[in-house]
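Residues per chain, in single letters:
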Amino acid sequence: MPDPLDRMRFPVDPWRLTETMYGADDLGVTETLFAVGNGYLGLRGNVEEGRDSHSHGTFVNGFHETWPIRHAEEAFGFARVGQTIVNVPDAKVIRLYVDDEPLLLSVADLIDYSRSLDLAEGVLHRDLLWRTPSGTRVRVRSRRMVSFTQRHLAVLTYEVTLLDKAAPVAISSQVLNRQAGLDEYRTKPTAGTIADPRKAEAFEGRVLLPELHWGGDGRAILGYRCASSGMTLAVAADHTIETENAYEEFTEVEEDYAKHVFRVRAEPGRPITITKTVAYHTSRTVPSRELSDRCRRTLDRVKTDGIEQQFADQASWLHHYWLRSDVEVEGQPEAQQAIRWNLFQLAQAAARAEGNGISAKGVSASGYGGHYFWDTEVYVVPFFVYTSPLIARNALRFRYTMLPAAERRAQDLTQDGVLFPWRTINGEEASAYYAAGTAQYHIDADISFAVDKYVKASGDHDFMAREGVDILVGTARMWADLGFWRGYGEDSFRIHGVTGPDEYTTVVNDNLYTNVMARFNLRCAAQTVLELEETRPEEHARMVARLGLRPQEVAEWVRAAEAMAILWDDNLGIHPQDAQFHEREVWDLPSTPADKRPLLLHYHPLVIYRFQVLKQADVVLALFLQGDQFTAEEKRADFEYYDPITTGDSTLSGVVQSIIAAEVGYHELALRYFWDGLFVDLADLHHNTADGVHVASTGGVWSALVHGFGGMRDHGGVLTFDPRLPASWPSLSFRIAVAGTRLLVSVRPESITFTVEVGERAQVVVRGVQVTVTSAEPVTVPLDGQGPAIDGEPDAKALRGTLRPDGTIITASVPHHSGPNG
């Protein structure tokens, strides 16, 4: 596959992403690529000196402001309160002046420059050699880290060495409250010309109200309260200096900034090293003064343990993370680097979220307003289920804490049970556009799917008995109430007025994905309740009392699941995406101009809704998640129908298309889709990496490797393997943890090998044959090829001229405005 990166600027390295030349034209992209975070706290990859930027950013997961959603035309049940992540005070700023000349990278004479994100150490390094206007050469080295072991901590070091002659040096380390993205000169970043719903809402008024500021002994503390949400925050910074040069230091603290200045009479060859440790604490209810005390405790602990211990702890944490999570592709260095960058982003987005969700952009930027969506459970949580189960558990426990709000939301929509919000931070629905938002009821089944996946893989039946079952019961009640009986007697259970994952087709009847996932949800809830009654009668009794569950409810879930309407078109030989989907004409994607993509930015939703055209995989996603419910022939037919009309305008799509393409035999197409997903951020393929990392896509990269090329499936708690190794790859290796046993799985063209790395034994199935693996020795199973192989890709023109059941001909076109004379 062609390499989409400029390798002169971003050289290949298996454990680092390195930038060898500073670029002012793509700052938004590199600020995202070089961001550091731990799932709670995130620092964008802004330059230390602070002036040159696309968008300054420091974010704390879940720390948000609220605002009233004003609808042009009101209706009952519309979302009322918007939520947007807040850009919190920026502690990254360390300004350098030599001979009173500031270091500004955009205009500096840089003799040498390198910035590197070390994926093994978890540290952002920068090393540059600057020639000042007076000719003095200055070596500047910095490190930046957000700790995985100390949730609230960031560490920055800044080393300055004059190489030629003595000169006065000033280093100004700051904490700035950049209100709503404003810089210290109170200017706003330039806005785009096209309204983009993927970006965060901008605040007009002041968000962070100052409550305290204090400085002394090298430490500064600022405290704030959000004007509307009432959330509180404190940030504290400590400073130390190491140098043989003479120096003096000053501290200035005001409501919206803290500044610690070192004035140094620097001699050549004598380094000046500034160490800055920063702590952030937030709360929904605790006063900022108490949060400031927590910041003090965090920084005091670091002072006792030492800075280098923090870096050592970081490396140790990541060492164990990679032992559990690494995926290795032999002979593909470009892919290997990109794979590790993607997997590193998953840790940065989720590792220490603890009590919060995993947002669409992690803590790398404010895209999508810092909201949590359904793709967390479908694309991200499965990675952690099989590599870091505790992180998966924390993500699911967060959904459990949202149950009261989900119950209120169900009542707003006149439903029993619970309905989780499509997008949220605090548990309340924040989507102002119900057709492509609230109507995605499938989020209930997506969360239930993740709960079941986690419990079956981890064996954490305590979680299921105490919390997971509440999610399953609440969501099953919603489905039983939302659906209705129709057909011959009570033979068919229908679900109308919903939107599937594809946001280019909204508010439809019997969406295939929704119905298939709802069926799973109903079955899973019933099975879980019955198993709990049999194996843990006391927990079952407590659950029944807690939820008021009646036996006839469980029987109704089973009956509805078995009668769920799964539509089939005999004429086309495929599953319709919904009951009316094939009545529409086909959008001619091959004839659509490139400057009209993505469609959502160039066509009114009503125009898009009239066509057979998909933003992202819908039926194809169902084929993956519920693959045991479809035959191989159905999967191929469905894929060949829907793939040519899927735009890929969503980054959620390509990785899923890769998985099913590999399964049904389109090996080259599978690799191409995987490659697009792998580099969607690194190469800015969707032109919005500046808005933050596409976290769900990074989880999808892992799924494409493990489920697509590795051929792993886990239906009903049974691990099966049917690999589809790309022809150009000598081998693929990955780790899977199941019930306390960690397996190393190595796929080669002629075999698949299982090795127990942790634990005693595991059972898997390889192409229908059961295999037992023990810690005594690896087990190698021969493979007869890599599954079916189909050249090329499905024909985009194959749909044209085909007949609907009513005898009408399907045509394809591109909507256009011809003008008054056309």
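Residues numbered from 1 in each chain as written. Predicted model: local features only at pLDDT ≥ 70, side-chain atom pairs only at ≥ 80, totals over all residues. Heavy atoms only, no water.

1. Details of the overall build of the chain
Right, on to step 1. A count of helices and strands for the chain gives 18 helices and 32 strands.
Right, on to step 2. Relative to a compact globule of 822 residues, whose C-alpha radius of gyration would be 28 Å, the chain shows 28 Å and is just as compact.
Right, on to step 3. In the chain, which comprises 822 residues, the share counted as buried stands at 60%.
Right, on to step 4. Within the chain, contacts between residues at least 6 apart in sequence are counted, and of these 68% link residues at least 24 apart.
Right, on to step 5. Here the chain has roughly 30,800 Å² of accessible surface; of this, 50% comes from carbon and sulfur atoms.
Right, on to step 6. Distance between charge centroids for the chain: 4 Å, based on 80 positive and 112 negative side chains. (Helix = DSSP H or I, 4+ residues; strand = E, 2+ residues; numbered from the N terminus. Rg over C-alpha atoms; globule rule 2.2 N^0.38 Å. Buried < 20%, exposed > 50% of the residue type's maximum accessible area, 1.4 Å probe, protein only. Contact = heavy atoms within 4.5 Å. Areas by Shrake-Rupley, 256 points an atom, 1.4 Å probe, with all protein chains shown as cover. Lys, Arg positive; Asp, Glu negative; His and termini not counted. Charge placed at Lys NZ, Arg CZ, Asp CG, Glu CD.)

2. Digging into the sheet that holds strand β12 (residues 167-176)
Right, on to step 1. The five strands are arranged β7-β6-β12-β17-β16 in an open sheet whose pairing can be described as antiparallel. The sheet is open, and its two borders are formed by β7 (101-102) and β16 (246-253), each paired with just one other strand. (Pairing = 2+ DSSP bridges.)

3. Concerning the pairing of strand β30 (residues 769-774)
Right, on to step 1. One ladder, built from six bridges, connects strand β29 (residues 761-766) with β30; its direction is antiparallel. If you follow Q763 over to β30, its bridge partner there is T772.
Right, on to step 2. Hairpin connection between β29 and β30: a loop of two residues separates the two successive antiparallel strands, and R767 in this loop has a positive phi of roughly 50°.

4. Let's talk about the packing of helix α8 (residues 443-458) against helix α10 (residues 512-535)
Right, on to step 1. Two elements in contact, α8 and α10, have axes separated by 9 Å at closest approach and are oriented at 45°. Considering the angle they form, α8 stands oblique to α10. α8 and α10 meet at a crossing whose hand is left-handed. Seen from α8, the contacting residues are D444, A445, D446, S448, F449 and D452; seen from α10, they are Y513, M517, A518, F520, N521 and C524. (Axes fitted to C-alpha atoms, helices over the stretch in contact; angles between N-to-C directions. Parallel < 35°, antiparallel > 145°, perpendicular 65-115°, else oblique. Left-handed = near helix turned anticlockwise from the far one by under 90°.)

5. What to know about the sheet that holds strand β19 (residues 328-329)
Right, on to step 1. Pairing is antiparallel across the open sheet formed by five strands, whose spatial order is β19-β26-β27-β28-β31. Whereas interior strands pair on both sides, the edge strands pair on one side only; in this sheet they are β19 and β31 (779-782).

6. Quick word on the pattern of salt bridges
Right, on to step 1. This structure, assessed with the given rule, holds 56 salt bridges.
Right, on to step 2. We note a salt bridge from R748 to E330, for which the minimum N-O separation is 3.3 Å. Of this pair, R748 sits in strand β27 (residues 741-748) while E330 is found in the loop between β19 and α4 (333-350), placing the two residues 418 residues apart along the sequence.
Right, on to step 3. Given a relative accessible area of 35%, E330 falls into the partly exposed group. (Salt bridge = Lys/Arg side-chain N within 4 Å of Asp/Glu carboxyl O.)

7. Comments concerning unusual backbone geometry
Right, on to step 1. A cis geometry characterises the amide bond from R597 onward to P598, with omega recorded as -5°.
Right, on to step 2. Residue position: P598 is located in the loop between β22 (585-587) and α13 (605-609).
Right, on to step 3. Here D684, not a glycine, exhibits a phi torsion of approximately 50°, which is positive.
Right, on to step 4. Of note, D684 is situated in the loop between α17 (667-678) and α18 (695-709).
Right, on to step 5. Owing to a relative accessible area of 18%, D684 belongs among the buried residues under this scheme.
Right, on to step 6. Phi is positive for R767, close to 50°, though the residue is something other than glycine.
Right, on to step 7. Looking at the element boundaries, R767 is found in the loop between β29 and β30.

8. Considering the packing of aromatic side chains
Right, on to step 1. Per the counting criterion, the structure on display carries 28 aromatic pairs.
Right, on to step 2. Look at Y368 and F373: their rings are 5.4 Å apart centre to centre, the planes differ by 75°, and that puts the pair in the edge-to-face class.
Right, on to step 3. The exposure class of F373 is buried, given its relative accessible area of 5%.
Right, on to step 4. Three or more aromatic residues joined by ring pairs make a cluster, and in this case those are W15, F148, W317, Y321, W322, F344, F383, F384, Y386 and W702.
Right, on to step 5. Across the ring face of F311, the terminal group of R143 is positioned such that the distance to the ring centre comes to 4.0 Å.
Right, on to step 6. The cationic tip of R672 hangs over the ring face of Y673; the distance from NZ or CZ to the ring centre is 5.8 Å. (Phe/Tyr/Trp six-rings, centres within 6.5 Å; stacked < 30°, edge-to-face > 60°. Lys NZ or Arg CZ within 6 Å of the ring centre and 35° of its normal.)

9. Looking at helix α12 (residues 551-562)
Right, on to step 1. With 12 residues, α12 extends 17 Å from end C-alpha to end C-alpha; this agrees with the ideal 16 Å at 1.5 Å per step.
Right, on to step 2. For α12, every residue scored as buried is listed here: E553, V554, W557, A560 and A561. For α12, the angular spread of the buried residues around the axis is 125°, confining them to a single face. Of the residues in α12, the exposed ones pointing more than 90 degrees away from the buried face are P551 and E562. (Expected span 1.5 Å × (residues − 1). Arc of directions from axis to C-beta.)

10. Some remarks on the side chain of R144
Right, on to step 1. Relative to the elements of secondary structure, R144 occurs in strand β10 (residues 137-146).
Right, on to step 2. Polar contacts involving the side chain of R144 include one to the main-chain carbonyl oxygen of R44, which spans 3.1 Å.
Right, on to step 3. Reaching out from R144, the side chain makes a polar contact with the backbone oxygen of N46 at a distance of 2.8 Å.
Right, on to step 4. Here R144 is in contact with V36, L43, R44, G45, N46, V47, E48, K92, V123, L124, V155 and L156, once residues within four sequence places are set aside. (Polar contact = N/O pair within 3.5 Å; in protein donor to acceptor, adjacent residues only side chain to side chain.)

11. Let's talk about the packing of helix α9 (residues 461-482) against helix α11 (residues 537-547)
Right, on to step 1. For the pair α9 and α11, the least separation of the axes is 11 Å and the interaxial angle reads 45°. When the interaxial angle is binned, α9 and α11 end up oblique. Here the hand of the crossing between α9 and α11 comes out right-handed. On α11, the residues touching A465, R466, V469, D470, V473 and R477 of α9 are E539, M543, R546 and L547.

12. With respect to the pairing of strand β25 (residues 718-721)
Right, on to step 1. Residues L719 and F721 line the buried face of β25, whereas the alternating positions V718 and T720 sit on a face that is not buried.
Right, on to step 2. Between the antiparallel neighbours strand β24 (residues 712-715) and β25 lie two residues, among them G716 with a positive phi of about 70°.
Right, on to step 3. Where β25 lies against β29, two bridges are found, and the strand directions are parallel. Paired with T720 across the bridge in β29 is V765.

13. As for helix α5 (residues 375-387)
Right, on to step 1. Across its 13 residues, α5 extends 18 Å between first and last C-alpha, which sits within 8% of the 18 Å expected from 1.5 Å per residue.
Right, on to step 2. Considering bend angle alone, the principal kink of α5 is centred on V381 and spans about 45°; proline P382 follows within four residues of it.
Right, on to step 3. Within α5, 13 of the 13 residues are buried, which leaves it mostly tucked inside the rest of the structure. (Bend = angle between axes of the 7 residues up to and from the residue.)

14. Overview of the state of the cysteines
Right, on to step 1. Counted by the stated rule, this structure contains zero disulfides.
Right, on to step 2. For C226, which is in no disulfide, the shortest distance to another cysteine sulfur is to C295 and amounts to 15 Å.
Right, on to step 3. Residue class for C226 comes out buried when judged on its relative accessible area of 0%. (Disulfide = S-S within 2.5 Å.)

15. Points about the environment of V98
Right, on to step 1. Turning to its location among the elements, V98 is positioned in strand β6 (residues 94-98).
Right, on to step 2. As a C-alpha pair, V98 and R761 span 663 residues in sequence and 63 Å in three-dimensional space.
Right, on to step 3. In this structure, V98 is in contact with W130, T132, V138, L162, A167, P168 and V169, ignoring residues within four places of it in sequence.

16. Brief notes about the side chain of R724
Right, on to step 1. By the element assignment, R724 lies in the loop between β25 and β26 (732-738).
Right, on to step 2. You can call R724 buried: its relative accessible area is 7%.
Right, on to step 3. Among the polar contacts made by the side chain of R724, one reaches the main-chain carbonyl oxygen of E663 at a distance of 3.1 Å.
Right, on to step 4. Contacts of R724, omitting those with residues within four sequence positions, involve A662, E663, H667, G708, F709, R767, Q786, G787 and P788.

17. Quick word on the environment of D90
Right, on to step 1. Assignment of secondary structure puts D90 in the loop between β5 (81-87) and β6.
Right, on to step 2. Each C-alpha atom, one on D90 and one on G50, is 9.5 Å from the other, the two residues being 40 residues apart in sequence.
Right, on to step 3. If we ignore the near neighbours within four places in the chain, the residues touching D90 are H56, T58, Q174, V175, L176, R178 and Y280.
Right, on to step 4. A distance of 2.8 Å separates a polar atom in the side chain of D90 from a polar atom in the side chain of R178.

18. Some thoughts on the environment of A789
Right, on to step 1. Relative to the helices and strands, A789 resides in the loop between β31 and β32 (812-813).
Right, on to step 2. A sequence separation of 65 residues divides A789 from R724, and the C-alpha atoms of the two residues are 9.5 Å apart.
Right, on to step 3. Here A789 is in contact with G665 and H667, once residues within four sequence places are set aside.

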